[in-house]
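# Structural overview
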Amino acid sequence: MNGSRVLVLNSGSSSVKYQLLDMADGSRPASGIVERIGEGPVADHAAALKQVADELAAKDLGLDSPELAAVGHRVVHGGTRFTEPTLITDEVVEEIEKLIPLAPLHNPANVTGIKVARSLRPDLPQVAVFDTAFHSTIPEAAARYAIDVATADRWGVRRYGFHGTSHAYVSRATAELLGKEPAELNTIVLHLGNGASASAVRGGVCVETSMGLTPLEGLVMGTRSGDIDPAAIFHLSRVGGMSTDEIDTLLNKRSGLAGLCGDNDMREIGRRMGEGDRAAQLAFDIYIHRLRKYVGAYTAVLGRVDAIAFTAGVGENSAAVREAAMRGLTAFGIEVDGVRNALRSATARLISTETSRVAVAVVPTDEELEIASQTFDLVSA
Ligand code: ADP
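Residues numbered from 1 in each chain as written. Predicted model: local features only at pLDDT ≥ 70, side-chain atom pairs only at ≥ 80, totals over all residues. Heavy atoms only, no water.

Basically, it comes down to this: UniProt positions are given in the numbering used here, feature names are shortened, and annotations may be inferred rather than shown by experiment.
An unreviewed UniProt entry lists the protein chain under the name Acetate kinase, with Streptomyces endocoffeicus as the source organism. Taken from UniProt, the Subunit (unreviewed entry) comment for the protein chain reads in full: "Homodimer." The UniProt entry for the protein chain carries the following comment under Function (unreviewed entry): "Catalyzes the formation of acetyl phosphate from acetate and ATP. Can also catalyze the reverse reaction."

Structural data, given as structure tokens:
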């Protein structure tokens, strides 16, 4: 291997995000997003990837550049098969395709991105980095649902967890911020973006996370319900006459903050709350209530909590969410400093008081850097 650059591709259902990272000097020579795939001039993922290649070539950073060491692909679902970053071969592509039923909204686009990128540069090492991988260490007691074991195993019904790249990066970055080794620290990571998930990390190893078979379980999210009694689904089907697809859409796209108050952006919700809007206030309260339940539960799971890290769009930017989530938890050893919490900054920082037993931090996530590092480590090993 010669080059020091990694192209990170995140192929979503309707967009492709890309970033070119130079692992030698930490620079990011290019990044961008191709959106609205299938709606306009960008007919499909092949056209989107072609556009990415053209945009890079226009900057003299094309896929044929000798500087390029590898491509790192974000893949949402690795099932139980993939627990590590994996060098992509034909067989690996087939295995990722077999996982499509577990992630019908995400894996197809990931696979297409991989295929197109491989066709453009067949000789270049390409690596799949799985959103589920960091959670593969979760013990059976936490990963299994309490349902008939044979049925669960036959259909792969268990908790996999997602956002793993972010939880891995943020738990390590939190240790770094505190001047500790990850092995010394028990951390609760709260990844609060449009999708949201919590994880409990013991000594650098993930032991519990809030998302499950799919990203629907757990916290209240922008448009997803998070936890709900599964019997609500039977009820909506039998009594409400809704189809499986309709309920799927309801819980994934018309629920969460958006379902509760019509807005899924925490900025807008904050603005409406300021005007005394009751629906926005209730949406916020439900969001916070669920978050606090998870903080409490993960405190019990870990036994000793050293750090709580807030990350992603809401976690990094909403002082109001952080304040409400951590309020009145002095008995847990959690004390947030109002002034520190209100400060805005793009770097990792502590927001707890000097006397707080638990360090509370805001730690910006960097999934691209994590994917690039894992990719580069694998191809340069
Ligand atoms: P994604 O899950 O799409 O990657 P992000 O992590 O980028 O999402 O988070 C997006 C969300 O972050 C927005 O929907 C919004 O609710 C929230 N957000 C972004 N900026 C702010 C801000 N300044 N204050 C409060 N919330 C914000």
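### Considerations on the overall build of the protein chain
Condition: Secondary structure elements are defined from DSSP: runs of H or I of at least 4 residues count as helices, runs of E of at least 2 residues count as strands, and each element is numbered from the N terminus. Atoms counted for the radius of gyration: C-alpha only. Globule rule: 2.2 Å times residue count to the power 0.38. Three exposure classes are used, based on accessible area relative to the maximum for each residue type with a 1.4 Å probe and protein chains only: buried under 20%, partly exposed in between, and exposed over 50%.
Scanning the protein chain from terminus to terminus reveals 15 helices and 12 strands. Its C-alpha atoms give the protein chain a radius of gyration of 21 Å, within 12% of the compact-globule value 21 Å for 381 residues. Projected onto its principal axes, the C-alpha positions of the protein chain cover 55 × 55 × 45 Å. Counting all 381 residues of the protein chain, 51% fall into the buried class.

### Describing the sheet that holds strand E7 (residues 186-192)
Short version of the rule: The criterion for strand pairing is that DSSP finds at least two bridges linking the strands in question. Whether two residues touch is decided by their heavy atoms; if any such pair falls within 4.5 Å, the residues are in contact. Note on method: axes are straight lines fitted to C-alpha atoms, helices fitted across the in-contact stretch only, with angles between N-to-C directions ranging 0 to 180 degrees.
Overall, mixed pairing links the 6 strands, which are arranged E9-E8-E7-E10-E12-E11 in an open sheet. Looking at the sheet topology across the chains shown, the edges are occupied by strand E9 (205-209) and strand E11 (349-350). Most of the contacts of helix H13 (residues 319-326) go to strand E10 (residues 307-311), to which it runs at about 150°, and overall it touches E7, E10, E11 and strand E12 (359-362).

### Observations regarding the site of the ligand
This is how the line gets drawn: What makes a residue near a molecule or strand is one non-hydrogen atom of that residue sitting within 4 Å of it. N or O atoms closer than or at 3.5 Å make up a polar contact, with two conditions inside protein: a donor-capable atom paired with an acceptor-capable one, and, for residues adjacent in sequence, both atoms drawn from side chains. Under the convention used here, a 1.4 Å probe and the Shrake-Rupley method define accessible areas, while residue burial counts only the protein chains that appear.
Every residue close to the ligand is listed here: Gly193, Asn194, Gly195, Asn264, Asp265, Met266, Arg267, Ala312, Gly313, Val314, Asn317 and Ser318. The separation between an oxygen atom of the ligand and a polar main-chain atom of Gly313 is 2.9 Å. Within the backbone of Val314, an N or O atom sits 3.4 Å from an oxygen atom of the ligand. Expressed as a share of its isolated accessible area of 580 Å², the protein-covered part of the ligand is 67%.

### Thoughts on the nonpolar core
Here is the rule: Residue types Ala, Val, Leu, Ile, Met, Phe, Trp, Tyr and Cys, when buried and joined through side-chain atoms within 4.5 Å, form a set referred to as a nonpolar core.
Among the nonpolar cores identified, the biggest contains 42 residues, and Leu190, Leu192, Tyr287, Ile308, Val321 and Met326 are the most heavily contacted of them. Elements with a minimum of two residues in this core: E7, strand E8 (196-202), helix H9 (256-261), helix H10 (266-274), helix H11 (278-302), E10, H13 and E12. Here the element with the most residues in this core is H11; it accounts for 10 residues. When residues no more than four places from it in sequence are discounted, the contact partners of Met326 are Arg292, Val295, Ile308, Phe310, Ile334, Val336 and Val360. Core analysis: the next-biggest nonpolar cluster, separate from the first, contains 21 residues, Val34, Ile37, Leu68 and Leu124 among them.

### Notes on the packing of aromatic side chains
So the rule is basically this: Pairing of aromatic side chains here covers Phe, Tyr and the six-membered ring of Trp, requires ring centres within 6.5 Å, and sorts the geometry by plane angle: under 30 degrees stacked, over 60 edge-to-face, intermediate tilted.
Scanning all chains against the criterion turns up 2 aromatic pairs. Measuring from ring centre to ring centre gives 4.6 Å for Phe82 and Phe130, while their planes differ by 5°; the resulting arrangement is stacked. Remark: Phe130 occurs in strand E6 (residues 126-130) and Phe82 occurs in the loop between strand E4 (68-75) and strand E5 (86-87); sequence separation between them is 48 residues.

### Observations concerning the side chain of Asn341
You can see Asn341 is positioned in helix H14 (residues 338-342). Beyond its immediate chain neighbours, meaning those up to four positions away, Asn341 contacts Ala319, Arg322, Glu323, Val336 and Ile351.

### Notes on the environment of Val93
Following the sequence through the fold, Val93 ends up in helix H2 (residues 90-98). Distance from Val93 to Thr112, taken between C-alpha atoms, is 9.6 Å for residues 19 residues apart in sequence. Not counting the four nearest positions on each side in its chain, Val93 is found in contact with Ile88, Val111, Ile114, Lys115 and Arg118.

### What about the pairing of E7?
For E7, a buried count of 7 out of 7 residues is recorded, marking the element as mostly surrounded by other parts of the structure. As paired strands, E7 and E8 are joined by 7 bridges and run antiparallel to one another. What sits directly across from Thr187, in E8, is Val201. The turn joining E7 and E8, which pair antiparallel and follow one another in sequence, is formed by 3 residues. Pairing analysis gives 5 bridges linking E7 to E10, with the strands arranged parallel. The partner of Leu190 across the bridge, within E10, is Phe310.

### Some points on the environment of Val34
Topologically, Val34 is positioned in strand E3 (residues 30-34). When its relative accessible area of 2% is taken as the criterion, Val34 is described as buried. Val34 sits 135 residues away from Tyr169 along the chain, and the two C-alpha atoms are 25 Å apart. With residues up to four places along the chain from it excluded, the contact list for Val34 reads Ser14, Ser15, Val16, Val42, Ala48, Gln51, Val52 and Glu55.

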